[in-house]
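So the chains spell out like this:
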Amino acid sequence: MNEKIDITLTINGRDYPIRVEPRKTLVDAIRDDCGQTGTHIGCEHGVCGTCTIIVDELAVRSCLMFAVQASGKKIRTVEGLADGDELSVLQRAFIDNHGLQCGYCTPGFLMLATNALEKNPQIDDEELLDVLASNLCRCTGYQNIIKAVKAARDELQARSPA
Ligand code: FES
Ligand code: FES
């Protein structure tokens, strides 16, 4: 059935009323219908994590959700991390620690790690490794991504000690 459905996606606080086929994936709707192309597509099979976004406080792979399932939910993408020209602590840490090369996987890692640090600001190294292990990068060898996320965690903790 190809009949289109009217839904509203709320991305980074802005409403996007769109009309989509029920089978359209969330990542395709975010990119094609809402014009928010910061979220990247890799495998389209839930394997690489490149398409990771935050939906209602949960990190999800947006290639595995249908757009209609996200209607009315609070969606956050990489475009919402910076405050104007000011990068988030995590974004800055990726730059300072050379946590990216081609940058293709970066939006997914940023959203995954943002969610992990928000859920548990005291997350320890082992748990952090466990979380980050779910996403793939073809360039960096992971060491600098891990270093960047740890640096952001430490800086955020120093700013707001428990
Ligand atoms: S594109 Fe979604 S997990 Fe790879
Ligand atoms: S920086 Fe190139 S895929 Fe990760």
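As a reminder, the structure under discussion sits directly above these lines.
Residues numbered from 1 in each chain as written. Chains lettered and ligands numbered in written order. Predicted model: local features only at pLDDT ≥ 70, side-chain atom pairs only at ≥ 80, totals over all residues. Heavy atoms only, no water.

**As for the overall build of the protein chain**
So, point 1. Of regular secondary structure, the protein chain possesses five helices and five strands.
So, point 2. Each helix and strand of the protein chain, placed in order from N terminus to C terminus, yields the pattern β-β-α-β-β-β-α-α-α-α.
So, point 3. Over its C-alpha trace the protein chain gives a radius of gyration of 16 Å, about what one expects of a compact globule, namely 15 Å for 162 residues.
So, point 4. Along the first, second and third principal axes, the C-alpha set of the protein chain runs to 50 × 30 × 25 Å.
So, point 5. In the protein chain, buried positions account for 44% of the 162 residues. (Helix = DSSP H or I, 4+ residues; strand = E, 2+ residues; numbered from the N terminus. Rg over C-alpha atoms; globule rule 2.2 N^0.38 Å. Buried < 20%, exposed > 50% of the residue type's maximum accessible area, 1.4 Å probe, protein only.)

**Details of a negative patch on the surface**
So, point 1. A surface patch of like charges, here negative, comprises Asp 124, Glu 126, Glu 127 and Asp 130.
So, point 2. Overall, the relative accessible area of 38% leaves Asp 124 in the partly exposed class. (Patch = residues over 30% accessible without salt bridge, like charges linked within 9 Å, V, L, I, M, F, W, Y side chains within 5 Å. Areas by Shrake-Rupley, 256 points an atom, 1.4 Å probe, with all protein chains shown as cover. Salt bridge = Lys/Arg side-chain N within 4 Å of Asp/Glu carboxyl O. Lys, Arg positive; Asp, Glu negative; His and termini not counted. Charge placed at Lys NZ, Arg CZ, Asp CG, Glu CD.)

**Regarding the nonpolar core**
So, point 1. In terms of nonpolar packing, the biggest core is built from 24 residues, with Leu 90, Phe 94, Phe 109, Leu 132 and Val 149 touching the most fellow members.
So, point 2. With seven residues, helix H3 (residues 106-119) is the largest single contributor of residues to this core.
So, point 3. Not counting residues up to four positions away in its chain, the partners in contact with Val 149 are Leu 90, Phe 94, Ala 113, Leu 117, Leu 128 and Leu 132.
So, point 4. Residues Leu 9, Ile 18, Ile 53 and Val 55 belong to the second largest nonpolar core, which totals 17 residues. (Core = buried A, V, L, I, M, F, W, Y, C linked by side-chain atoms within 4.5 Å. Contact = heavy atoms within 4.5 Å.)

All we've got here are geometric facts, nothing functional implied.
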